[in-house]
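Residues per chain, in single letters:
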Amino acid sequence: MTPYIVQRKINKLYYIYLLKLITQAIHERQISSISLDFDLLKWHVLRSISGNLTYGVGSLRPSIVLETNHAQKLLIKLHIRA
């Protein structure tokens, strides 16, 4: 395998591991929402977190909403319901 492919696989393993840690923290701390400034990378990460929350023991019902704040800045909100 080329070094690029090896590094890509390593990065994916870290990404999956960190998603599991974030999901675990959401469960343990009973976080009900996460709000971030809109960015495509942040959108992708929140969708991945949302997907991980819907599966497994104690699965939750997340939803992602786009909103604007008082300064007309676009926000991404992840709402989490038990």
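Everything below is about the structure printed above this text.
Residues numbered from 1 in each chain as written. Predicted model: local features only at pLDDT ≥ 70, side-chain atom pairs only at ≥ 80, totals over all residues. Heavy atoms only, no water.

**Student:** Honestly, the environment of Leu13 in this entry has me stumped. Any pointers?
**Tutor:** Structurally, the position occupied by Leu13 is in helix α1 (residues 3–29). Between the C-alpha atom of Leu13 and that of Ile64, which follows or precedes it by 51 residues, the distance is 25 Å. (Helix = DSSP H or I, 4+ residues; strand = E, 2+ residues; numbered from the N terminus.)

**Student:** Looking at this structure, I do not really get the side chain of Thr23. What am I missing?
**Tutor:** Of note, Thr23 is situated in helix α1. At 2.8 Å, the side chain of Thr23 forms a polar contact with the backbone oxygen of Leu19. (Polar contact = N/O pair within 3.5 Å; in protein donor to acceptor, adjacent residues only side chain to side chain.)

**Student:** Any chance you could explain helix α2 (residues 40–54) here in plain terms?
**Tutor:** Each full turn of the α-helix corresponds to 3.6 residues, which orients residues three or four apart in the same direction. Look at α2: 21 Å from first C-alpha to last across 15 residues, which is about the 21 Å you get at 1.5 Å a residue. Considered for burial, the residues of α2 that qualify are Leu46, Ser48, Ile49, Ser50 and Leu53. Of the surrounding elements, those touching the buried residues of α2 are α1, β1 (33–37), β2 (61–68) and β3 (74–81). Regarding α2, its N-cap is Asp39, as a side-chain oxygen of that residue lies 2.8 Å from the backbone nitrogen of Leu41 further along. (Expected span 1.5 Å × (residues − 1). Buried < 20%, exposed > 50% of the residue type's maximum accessible area, 1.4 Å probe, protein only. Contact = heavy atoms within 4.5 Å.)

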